[in-house]
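# Summary of structural features
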Amino acid sequence: MKRADVARCTRRSFLGTSFAVAALPQTDTSAIDFHNLISRADLIYDKPVPRSEEGIPVGNGRMGTLVWTTPTQLRMQINRVDVYASDSRSNSFFERHNDYCGGCGFVDLDFGTTAAEPFPESGFRQHLSVYDGQLAINAKDVDARVFAWPEQDVLAISISDRRAGPQPVEVNLRMLRYASQYFGGKLEAYARDHVVVVQNRSHTAASRLIIEGDSIVLTQEFREGEFCCKSAVAIRITGRTAKARITTETEVRLAAAPGSGTCTILIASAATFDPNGDAVASALQQLDAAANKGLAALVHETQAWWHDFWPRGYVSLHSADGVADYVESHYHYFLYLMASTSRGKFPPKFNGMIWNTGGDLRTWGVQHWFANLSCYYEALPATNRMELLDPAFDMYSGMLEASRVAAQQQWGSQGMYIPETTYFNGLESLPDDIAAEMRELYLLRKPWEQRSKRFKEFASTKHPHSSRWNWQQSGSWVDGRYVVVERGSGPYGAVNHIFGSSAKIAYLFWRRYEYTLDREWLRQRAYPMLHGAAEFYRNYPNLKKGADGKYHIHHVNSNESVWGARDTDEDLSSLRGVLAAVLRASEILGADANLRPAWREFLANLAPLPTSADAEALKPADYKGPQVFVRGRKPAIKSAGLLPDANSLPMWWFDLCHQETRDRARLQIANATFDAYFRSGISEQTSVSVLSKLAIAAAYQGRADAVRHLIPNQIKALSPERGTAYRDGGVLANRMTLREGPQALDAQRLGRVAEALQLALLQSNPPEPGEEPVIHLFPAWPKDWTAHFRLRARGAFLVNASIANGRIDSVTIESQAGAPCVLRNPWGDAAVQLRREGKTTILRGGLLRFPTSPGERIVLIAQ
């Protein structure tokens, strides 16, 4: 950490007062100065950023923008989570990285050319208040306040103009694509009557400018076959009279009459997949609603929403060197980003979220990689903000029927198949002949060289990032024809034979149930996913019982770098987790009693997790180290490395490796595996990659000395990962990174850090998947770090606890569902007072068990 960062972190009191654990009421958040606590996560700039991707993020969970400046302009690109230019049926985007989504329009606030430019190269302040959800820009004679109204999809910009004499303010609304951009290339485009249509093979993108009364509007309409998506951006100025005019074929301008004082720019957006839907009407209605409210009411409602958001779950951390404070600020900033991007119909894309600034450019395109998406969502249950998970759950539930069809068509199985990479609406339904040949090829029952001409031609228009077509690496244009380049390993690609993602998604649904005990959620949402994942594996043709009486899976991937292996760590971990969860869920719901014997037999006879002690382990021939987990067993088409993929760590994902694990031999292997990642030890210089789960594993293992370095080091992104990314993928001014490439802004590492931090403070893992969770306080917390937190635990408990100098003060547990509570004694073997409703009970032992009632608050104090 830089010296200035340390100073900024340590020059403040804890929770607004000098720190005293015993003085903190454990259930009364009114004692906490949330303004002071959350404001430590603020972004403050004193000069313009060198490029737009470093702008300041403002969003309401459905629409958003980065805000950046040029000498005379405030600039934005309005983006939405529910704007997709194409879906799974597209045949027009078969080149890597050329598909796009999210973008709705460019917006520039132009303050004209004056002797003193309002946004000079230095000397003006830009301050994002994370606590208020508001950006304040104090420039030369111009102040701006920018915020996104949570209630409706409106961005408000209040301008206070102090320039001498009457000065103009103009708002320019610009298309993301324009006709001349494509002339001479592969695409066709034309413009007429303020409409620009770009045609990319079978796909069209039509942009149109409209003046509607005192508002200006930009619409987009994307079509290909039966697919349709529309968006609209509408802008109005209040507080000054304004005149609209279309200035070019791609830009419409709203010019406020020259004057001084305050005016407000309102920017609304809307989107629909309904060909008959009216996005323009929706955007204008939201403009009307915001204008009728007035600026003061919009400010008040926005601040009230954010002020209510923060007390629901938080951490307050301190260490003498400022490192814990640094971690705390990034934790709350991550929650700000998720609240700003994850309240819509779909989750934000990992590569750009809703912060794109370069029009249609979005490296890695429009498909969702679950490994990347999980970085954002694994941490959220413990934050006590379940609604932020809804977009991810809604997307995957929404593709359930398509996933059932895919399981049968692609793999000859049952249940559901949700691939690692997929469009927002899942996989397309295939023609019967293509599906039949695909099964034979992908299950290795037909030689790859015998593919039909029909199959090759059908595949040639499909996107190579798709899990279904990822054996295509890339391609090139030769004599006007696109020639596909294969990876050279038959039907295999980085993501073609990954099945663990289906199980991980289902298990995330199960975890939401564990955190809430919402039985209706379990019945309607989680159980269909668990059932689908379990039945896919049980009926997968290449999963068979061997001569040893154990079930072995063949010809599958372990994440992206091991192809065509046997008994992969991903699949054997997935099976242990999802089968245990579906059995428990089935018992709770009284469902599928006829399937339980088959599931139990399946689970009881799984092949053991692969380790280096196996004769056929995927490991170097000369390996002589301790027994560790490995990626799978031979044979394999492609193998890489000894240890499980640090970005995946499936044994940890499925509750198989943590301090409460019943199988202590497995836990010993897990600790040896963790140590093997760091043969040179762990220090302040140890690099942790953006997607890595090693800090999470450290917390699960109770490795406090590792946690103190791995968490902050992952935030800092110490080592470059991809030289093609801006700053080698390093941290930008807005605390995000460009690891994935240009216009693929991300906060993935902050999600990983949030999960690791929460696990270091509080764990609630079952001894084995599907069993009763055990709450464990500060299981991996450095003894010299101070902490106070409010987090949610499995079993539907809210837990409030504090620690200082290695001493845990009283603990408060709030029962949300009235479940029995199992708690690892925070004070070792000391007797514990349990206080509730004026009654005191004495509990003893290392593991405390007690009943609870819904809504009950229980205080535990060492005797």
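This report concerns the structure included in the present document. (Residues numbered from 1 in each chain as written. Predicted model: local features only at pLDDT ≥ 70, side-chain atom pairs only at ≥ 80, totals over all residues. Heavy atoms only, no water.)

## A look at the pairing of strand β35 (residues 832-836)
Burial runs high along β35: four of the five residues are buried. Sheet analysis places β35 next to strand β36 (residues 839-843), joined by five bridges and oriented antiparallel. From the neighbouring strand, Gln 833 faces β36, where its bridge partner is Ile 842. The pairing of β35 with strand β38 (residues 857-862) spans four bridges and is classified as antiparallel. When the sheet's bridge partners are listed, Arg 835 is paired in β38 with Val 859. (Buried < 20%, exposed > 50% of the residue type's maximum accessible area, 1.4 Å probe, protein only. Helix = DSSP H or I, 4+ residues; strand = E, 2+ residues; numbered from the N terminus. Pairing = 2+ DSSP bridges.)

## Here's the deal with helix α4 (residues 295-309)
Over its 15 residues, α4 extends 21 Å from the first C-alpha to the last, a length consistent with the 21 Å expected when each residue adds 1.5 Å. All of the buried residues along α4 are Leu 298, Val 299, Thr 302, Trp 306 and Phe 309. The buried side chains of α4 occupy one side of the element, clustering within an arc of 100 degrees when seen end-on. The outward face of α4, more than 90 degrees from its buried face, is lined by the exposed residues Ala 296, His 300 and Asp 308. (Expected span 1.5 Å × (residues − 1). Arc of directions from axis to C-beta.)

## A short note on the environment of Trp 469
Looking at the secondary structure, you find Trp 469 in the loop between α10 (453-459) and β22 (472-478). Trp 469 gets classed as buried once you look at its relative accessible area, which sits at 3%. Each C-alpha atom, one on Trp 469 and one on Gly 102, is 24 Å from the other, the two residues being 367 residues apart in sequence. Leaving out residues up to four positions away in the same chain, Trp 469 has contacts with Leu 430, Met 438, Tyr 442, Phe 455, Phe 458, Ala 459, Lys 462, His 463, Pro 464 and Asn 496. (Contact = heavy atoms within 4.5 Å.)

## Brief notes about helix α5 (residues 323-341)
End to end, α5 covers 27 Å across 19 residues, agreeing with the expected 27 Å (1.5 Å per residue, within 8%). The buried fraction of α5 is high, at 19 of 19 residues.

## What about the pattern of salt bridges?
Following the criterion strictly, the structure yields 54 salt bridges and no others. In this structure, Arg 752 engages Glu 378 in a salt bridge whose closest nitrogen and oxygen atoms are separated by 2.8 Å. Taken together, the residues Arg 752 in helix α19 (residues 748-761) and Glu 378 in the loop between α6 (370-377) and α7 (390-398) connect sequence positions 374 residues apart. Among the residues examined, Glu 378 registers a relative accessible area of 6% and is labelled buried. Ionic pairing is found between Glu 814 and Arg 790, a salt bridge with its closest N-O pair at 2.6 Å. You can see Glu 814 sitting in strand β33 (residues 811-815) and its partner Arg 790 sitting in strand β30 (residues 786-793), a full 24 residues away along the chain. The class for Glu 814 is buried, based on a relative accessible area of 6%. Each of Arg 566, Asp 567, Asp 614, Glu 616 and Arg 633 takes part in a single network of salt bridges with overlapping partners. (Salt bridge = Lys/Arg side-chain N within 4 Å of Asp/Glu carboxyl O.)

## Overview of the packing of α5 against α19
One can describe the packing of α5 onto α19 by two numbers: an axis separation of 9 Å at closest approach and a directional angle of 120 degrees. Here α5 is positioned oblique relative to α19, judged by the angle of their axes. For the pair α5 and α19, the sense of crossing is left-handed. Mapping the contact onto sequence places Val 327, His 330, Tyr 331, Tyr 333, Phe 334 and Leu 337 in α5 and Leu 750, Gly 751, Ala 754, Leu 757 and Gln 758 in α19. In the contact of α5 with α19, the residues fall into eight nonpolar, three polar and no charged. (Axes fitted to C-alpha atoms, helices over the stretch in contact; angles between N-to-C directions. Parallel < 35°, antiparallel > 145°, perpendicular 65-115°, else oblique. Left-handed = near helix turned anticlockwise from the far one by under 90°. Nonpolar A, V, L, I, M, F, W, Y, C, P; charged D, E, K, R; others polar.)

## Observations regarding the sheet that holds strand β17 (residues 251-259)
The strand order across the open sheet built from seven strands is β2-β3-β4-β5-β10-β17-β16, with neighbouring strands paired in antiparallel fashion. The open sheet is flanked by β2 (56-59) and β16 (242-248), the only strands paired with a single partner. Strand-to-strand, the axes of this sheet are offset by a mean angle of 25 degrees, without reference to chain direction. Across six bridges, the pairing between β16 and β17 is antiparallel. Bridge assignment links Ala 242 to a residue of β17, and that residue is Ala 256. Sitting on the sheet, α5 touches β2, β3 (63-70) and β4 (73-84), and the angle it makes with β2 is about 45 degrees.

## Brief notes about the packing of aromatic side chains
Taken as a whole and judged by the stated rule, the model has 50 aromatic pairs. Ring pairing ties together the aromatic residues Trp 411, Tyr 417, Tyr 442, Phe 499, Phe 536, Tyr 537 and Tyr 540, which thus form one cluster. It is Arg 451 that lies over the ring of Trp 471; its NZ or CZ is 5.5 Å from the centre. (Phe/Tyr/Trp six-rings, centres within 6.5 Å; stacked < 30°, edge-to-face > 60°. Lys NZ or Arg CZ within 6 Å of the ring centre and 35° of its normal.)

## A short note on the side chain of His 332
Locating His 332 in the fold gives a position in helix α5. Note on His 332: relative accessible area 0%, which makes it buried. A distance of 3.3 Å separates the side chain of His 332 from the backbone oxygen of Val 315, its partner in a polar contact. When residues no more than four places from it in sequence are discounted, the contact partners of His 332 are Leu 37, Ile 38, Ala 41, Val 130, Trp 310, Tyr 314 and Val 315. (Polar contact = N/O pair within 3.5 Å; in protein donor to acceptor, adjacent residues only side chain to side chain.)

## Considerations on the side chain of Lys 693
Here Lys 693 shows up in the loop between α16 (664-677) and α17 (694-700). Engagement of the side chain of Lys 693 in a polar contact is seen with the side chain of Glu 378, the distance being 3.0 Å. Those residues within four positions of Lys 693 in sequence are excluded, and the remaining contacts are Glu 378, Ala 646, Asn 647, Ser 648, Leu 649, Trp 653 and Arg 752.

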